[in-house]
Amino acid sequence: MKNTMTPSPINSIGERLLIARKKRGLSQEALANLLDPPLSQSAIAHIENGRNESSRHIVWIAAALHVRAEWLVTGKGEMFEVEWPWPDTPRYTVVELPAPVLEDIGDYIKMKIGQQAKNTKDDH
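The numbering scheme is per chain: residues are counted from 1 as the chain's sequence reads. With pLDDT at 70 or above as the cut-off, local features in this predicted model cover only qualifying residues; side-chain atom pairs require 80 or more to be listed or tallied, and sums for whole chains, interfaces and linings still use all residues. Note that water and hydrogens are dropped before the side-chain values are worked out from all heavy atoms of the structure.

A few words on the side chain of Glu48. With respect to the helices, strands and loops of the structure, Glu48 is situated in helix α3 (residues 41-48). Each residue's exposure class comes from its accessible area (1.4 Å probe, protein chains only) as a fraction of the maximum for that residue type: buried when under 20%, exposed when over 50%, partly exposed otherwise. Take Glu48: its relative accessible area is 12%, and that puts it in the buried class. We call two residues contacting when some pair of their heavy atoms lies within 4.5 Å. Non-local contacts of Glu48, meaning those with residues more than four positions away in its chain, are made with Gly14, Glu15, Leu17, Leu18, Arg21 and Gln28. In this description a helix means any DSSP run of H or I spanning at least four residues, a strand means any run of E spanning at least two, and both kinds are numbered starting from the N terminus.

Right, here's the structure in full:
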């Protein structure tokens with residue numbers, strides 16, 4: 001069997017936890033202490049090393065790191081929860097809008113982003 005150095009996909013909870021923890025600039029111990037009740041540094045190390053992927057603390061770890069639990073567990077979707085930019089408008093009301101209205105809103109947002117980019121470029 002030939003050992004080739006090809007990058008492997010992020011295919012374990014441990015690898016994703018390590019990436020998320022480093023993105024947040026936390027040591028294993030600092031992350032462990034963010035949890036309530038705190039975990040031990042070795043408990044975090046065990047998860048990162050793949051020795052304890054069924055930890056019941058995964059959801060709390062995801063919350064402490066501000067990453068989506070689904071991403072941490074499965075690798076699916078975005079790492080970070082996208083913040084809803086319109087707190088006065090509940091998400092469900094937007095989701096329930098008819099497709100043509102959603103399309104119009106999307107077009108409007110693209111137009112505004114284009115205008116903003118042009119204004120920013122003109123300012124420099």
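Between rings of Phe, Tyr and Trp, where Trp is taken as its six-membered ring, a pair exists when centres lie within 6.5 Å; planes separated by under 30 degrees are stacked, by over 60 edge-to-face, and by other angles tilted. The final tally for this structure, using the stated rule, is 1 aromatic pair. Both rings, one in Trp84 and one in Trp86, keep their centres 5.3 Å apart while their planes meet at 80°; by these two values the pair is edge-to-face. Given the relative accessible area of 26%, Trp84 is considered partly exposed.

Turning our eyes to something else, we now look at the pattern of salt bridges. The rule for a salt bridge is simple: a side-chain nitrogen of Lys or Arg has to be within 4 Å of a carboxyl oxygen of Asp or Glu. Tallying each qualifying case throughout the model produces 2 salt bridges. A salt bridge links Arg21 to Glu48, with the nearest nitrogen and oxygen atoms 2.5 Å apart. In this pair, Arg21 sits in helix α1 (residues 13-23) while Glu48 sits in helix α3, placing the two residues 27 residues apart along the sequence. When the shortest N-O distance is used, the salt bridge between Glu70 and Arg68 registers 2.4 Å.

Further remarks concern a nonpolar patch on the surface. Taken together, the side chains of Trp86, Leu97, Val101, Leu102, Ile105, Tyr108, Ile109, Met111 and Ile113 define a hydrophobic patch exposed on the protein surface, amounting to about 770 Å² of accessible area. Topologically, Tyr108 is positioned in helix α7 (residues 99-123). What makes Tyr108 partly exposed here is its relative accessible area of 48%. Each patch is built from residues lacking any salt bridge and having more than 30% relative accessible area; the joining distance is 9 Å for like charges and 5 Å for nonpolar side chains (Val, Leu, Ile, Met, Phe, Trp, Tyr). Note on areas: Shrake-Rupley with a 1.4 Å probe; residue coverage comes only from the protein chains shown.

Within α1 the residues assigned to the buried category are Ile13, Gly14, Arg16, Leu17, Ala20 and Arg21. The arc that holds the buried residues of α1, viewed along the axis, is 160°, so those residues lie on one side. When the buried face of α1 is taken as reference, the exposed residues oriented beyond 90 degrees from it are Lys22 and Lys23. Contacts made by the buried residues of α1 are with α2 (28-34), α3, α4 (58-65) and α5 (69-74). Note on α1: the residue one or two positions beyond its end, Gly25, has a positive phi of about 70°. By construction, the arc corresponds to the directions joining the helix axis to the C-beta atoms.

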